Amino acid sequence: MLRIAVPNKGTLSQPASQMLRDAGYRQRTDPKDLICRDEANNVEFFYLRPRDIATYVGSGDLDLGITGRDLLVDSGVPATEMLDLNFGGATFRWAAPDGALSSADEIGGKRIATAYPGVVERYLAEHDLKAEVVRLDGAVENAVRLGVADLIADVVETGATLRQAGLVTLGEPLLRSSAIMIGPAEGSAPAGVSQLIRRLQGVLVARSYVMLAYDVRADLLDSAGALTPGIESPTVSPLHREGWVAVQAMVPRKDVHRVMDELYELGARAILVTDIANCRL
Ligand SMILES: Nc1ncnc2c1ncn2[C@@H]1O[C@H](COP(=O)(O)OP(=O)(O)OP(=O)(O)O)[C@@H](O)[C@H]1O
Ligand SMILES: O=P(O)(O)OC[C@H]1O[C@H](OP(=O)(O)OP(=O)(O)O)[C@H](O)[C@@H]1O
Ligand SMILES: [Mg+2]
């Protein structure tokens, strides 16, 4: 049976379970449950702190796990990123009181508060810098105000927490994070892993594409097809009305309104958009 770690709490927990549900797996119904067996799919899910997940996967005690890229880097565990799951996006950044530091080159010799000492120490080593790392569990934005640090390194999503604490970001992000599926760095993947990854890829595609259908005059098909090339190429079927065809193609969700406008301008009619529940490409 495949054994998979899923975040039990925090930002990644709900969307991770939702994605697995969308891929056809059974998930816990009680947020206090720490294990959920999906007999039909031969998978067992273990609900763990996202910060601990790389440890279990890196040691080989669990086959796969969902965690954040920043948490994987912070752990220093040699596990492998297998798939970007496209949720839980955030940057990991330096921040300091406005005007206190003019660039990230000035962090040498300073006191840096963070809940991600592994990420910070890796950056310092890579840039040949020395600084004092003050390890905190959370609410790191308070550390400067309270005098234990000169700057912080923390997760920034909207930036609202930084603003409220009177801090501004400094330089480029140390890294860009999102939820990822991880596996052990070595050894061959156990049976069922490639099917699970394919199912998740199906969910990712279904979320980012819609199915577009429309009718168009056959002599306009080349121009219409250029707007809706699909994945391989659009499906074209004859219509009962002479000289017209029906076209179907997958279109990136973010582009669909522009594409519909352009198709209409071209002369296409009966333009319909439908969600894709799941797919295998
Ligand atoms: N707004 C956010 N705040 C915190 N972490 C976020 C945010 N958006 C995305 N993440 C990602 O979630 C992961 C951290 O999850 P974790 O559960 O450890 O902390 P959390 O969501 O802040 O929960 P808590 O602080 O209540 O334990 C990291 O990979 C981080 O990049
Ligand atoms: O850029 P924002 O949208 O404001 O989000 C980022 C903030 O949210 C998280 O804090 P959380 O609420 O998890 O508290 P914590 O620091 O105790 O973990 C994170 O640690 C940042 O402080
Ligand atoms: Mg937090």
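Each value, and the rule that gives it
Every residue gets a number counted from 1 within its own chain, in the order that chain's sequence is written. The lettering of chains begins at A and the numbering of ligands begins at 1, in the order of writing. Per-residue local features of the predicted model are confined to residues with pLDDT of at least 70, and side-chain atom pairs are confined, for both listing and counting, to 80 or more; whole-chain, interface and lining totals are unaffected and use all residues. Hydrogens and water molecules were not included; the side-chain quantities draw on all heavy atoms of the structure. Following DSSP output, two strands are said to pair if at least two bridges run between them. The helix count covers DSSP runs of H or I at least four residues long, the strand count covers runs of E at least two residues long, and both are numbered beginning at the N terminus. The axes are straight lines fitted to the C-alpha atoms, using for helices just the contacting stretch, and the angles between their N-to-C directions are given from 0 to 180°. By definition, residues are in contact when any of their heavy atoms lie within 4.5 Å. Note on terminology: near, applied to a residue and a molecule or strand, indicates that one of the residue's heavy atoms is within 4 Å of it. Any pair of nitrogen or oxygen atoms within 3.5 Å is treated as a polar contact; in protein, a donor-acceptor pairing is required on top of that, and neighbouring residues in sequence qualify only through side-chain atoms on both sides. The Shrake-Rupley method, run with a 1.4 Å probe, gives the accessible areas here. Residue values count only the displayed protein chains as cover. The rule is simple: put a 1 Å grid over the protein atoms alone, call a set of points where a 1.4 Å probe fits but cannot get out a cavity, call an open set with protein on both sides within 12 Å along at least five of seven lines a pocket, and count a residue as lining if it has an atom within 4 Å of a point. A cavity or pocket is said to hold a molecule if more than half of that molecule's atoms lie within 2 Å of its grid points. Basically, the charged four are Asp, Glu, Lys and Arg, the nonpolar ten are Ala, Val, Leu, Ile, Met, Phe, Trp, Tyr, Cys and Pro, and anything else, Gly included, counts as polar. Each residue carries a pLDDT score, the predictor's confidence in it, ranging from 0 to 100. UniProt positions are given in the numbering used here, feature names are shortened, and annotations may be inferred rather than shown by experiment. A 1.4 Å probe rolled over the protein chains alone gives each residue an accessible area, and that area as a share of the maximum for its type sets the label: buried under 20%, exposed over 50%, partly exposed in between. To qualify as a nonpolar core, a set must consist of buried Ala, Val, Leu, Ile, Met, Phe, Trp, Tyr and Cys residues joined through side-chain atoms within 4.5 Å. Grid points are joined across faces, edges and corners, and a volume is the space filled by probe spheres set on the points. Throughout, the edges of the domains are those of an automatic or database domain assignment.

**A short note on the sheet that holds strand β2 (residues 35-38)**
Phase 1 of the analysis: Read across the open sheet, the 6 strands follow the order β2-β3-β1-β4-β11-β5; overall the sheet is mixed. A single partner strand is all that each edge strand has here, and the edge strands are β2 and β5 (79-84). Ignoring strand direction, the axes of neighbouring strands in this sheet form an average angle of 30°.
Phase 2 of the analysis: Looking at chain direction, strand β4 (residues 64-68) and strand β11 (residues 179-184) are connected through 4 bridges and run antiparallel. Residue glycine 68 lies in a different strand from β11, and its bridge partner there is alanine 179.
Phase 3 of the analysis: Contacts between helix α1 (residues 13-22) and the sheet are confined to β1 (2-7), β3 (43-48) and β4, with β1 contributing the most and set at about 145° to the helix.
Phase 4 of the analysis: Across the sheet, helix α7 (residues 193-208) touches β1, β4, β5 and β11, and the angle it forms with β5 is around 40°.

**What about the site of ligand 1?**
Phase 1 of the analysis: Near ligand 1 there are 15 residues, and of these Thr11, Pro50, Gly68, Asp70 and Glu157 occur at the shortest range.
Phase 2 of the analysis: Interatomic distance of 2.4 Å between a side-chain N/O atom of threonine 11 and an oxygen atom of ligand 1.
Phase 3 of the analysis: Contact distances for ligand 1 include 3.5 Å between an oxygen atom and a side-chain N or O atom of arginine 49.
Phase 4 of the analysis: Protein chains bury 67% of the 580 Å² of accessible surface belonging to ligand 1 in isolation.
Phase 5 of the analysis: Of all the cavities here, the one that holds ligand 1 is the largest pocket.
Phase 6 of the analysis: For the shell around ligand 1, the residue count by class is 6 nonpolar, 5 polar and 4 charged.

**Let's talk about the confidence of the model for the protein**
Phase 1 of the analysis: The predicted model of the protein averages 96 in pLDDT, with 100% of residues at 70 or higher.
Phase 2 of the analysis: Interface scoring of the predicted complex returns ipTM 0.98; its pTM is 0.94.

**A short note on the UniProt feature "domain: ATP phosphoribosyltransferase catalytic" (unreviewed entry) in the protein**
Phase 1 of the analysis: The residues that UniProt annotates with the feature "domain: ATP phosphoribosyltransferase catalytic" (unreviewed entry) are residues 49-202.
Phase 2 of the analysis: Between the first and last C-alpha atoms of residues 49-202 the distance is 26 Å; the span itself is 29% helix and 32% strand.

**Topic: the environment of valine 156**
Phase 1 of the analysis: Following the sequence through the fold, valine 156 ends up in strand β9 (residues 151-156).
Phase 2 of the analysis: Since its relative accessible area comes to 11%, valine 156 is described here as buried.
Phase 3 of the analysis: Residues in contact with valine 156, not counting those within four places in the same chain, are Ala90, Thr91, Arg93 and Leu162.

**Section: the sheet that holds strand β10 (residues 167-177)**
Phase 1 of the analysis: Read across the open sheet, the 5 strands follow the order β8-β7-β9-β6-β10; overall the sheet is mixed. Both outer strands of the open sheet, β8 (132-135) and β10, are each paired with one neighbouring strand and no more. Averaged over all pairs of adjacent strands, the angle between strand axes in this sheet comes to 25°, irrespective of strand direction.
Phase 2 of the analysis: By the bridge criterion, 7 bridges tie strand β6 (residues 90-97) to β10 in an arrangement that is antiparallel. From the neighbouring strand, threonine 91 faces β10, where its bridge partner is arginine 176.
Phase 3 of the analysis: Strand contacts of helix α4 (residues 117-126): β6, β7 (111-114), β8, β9 and β10, with the helix running at about 170° to β8, the strand carrying the most contacts.

**Overview of the nonpolar core**
Phase 1 of the analysis: By size, the foremost hydrophobic cluster in this structure holds 31 residues, and its most contacted members are Phe92, Trp94, Leu151 and Ile152.
Phase 2 of the analysis: Elements that contribute at least two residues to this core include exactly β6, β7, α4, α5 (142-145), β9 and β10.
Phase 3 of the analysis: Ignoring sequence-local partners within four residues, the contact set of leucine 151 consists of Trp94, Ala95, Ala96, Leu101, Ile107, Lys110, Arg111, Ile112, Ala113, Val144 and Leu170.
Phase 4 of the analysis: With 26 residues, the next largest nonpolar core counts Phe45, Phe87, Met181 and Ile197 among its residues.

**Here's the deal with the layout of surface pockets**
Phase 1 of the analysis: Within this model, the largest pocket holds a volume of roughly 850 Å³.
Phase 2 of the analysis: Lining the largest pocket are 34 residues, with Thr11, Asp70, Leu71, Tyr116 and Val155 positioned closest to its centre.
Phase 3 of the analysis: If you list the elements that add at least two residues to the lining of the largest pocket, you get α2 (50-58), α3 (69-75), β9 and α6 (160-164).
Phase 4 of the analysis: Per-class residue counts for the lining of the largest pocket are 13 nonpolar, 11 polar and 10 charged.
Phase 5 of the analysis: Each of domain 1 (2-87 + 178-191) and domain 2 (90-176) accounts for three or more of the residues forming the lining of the largest pocket.
Phase 6 of the analysis: Of the pockets and cavities examined, the second largest pocket occupies roughly 260 Å³.
Phase 7 of the analysis: In terms of residue class, the lining of the second largest pocket is built from 2 nonpolar, 5 polar and 5 charged.

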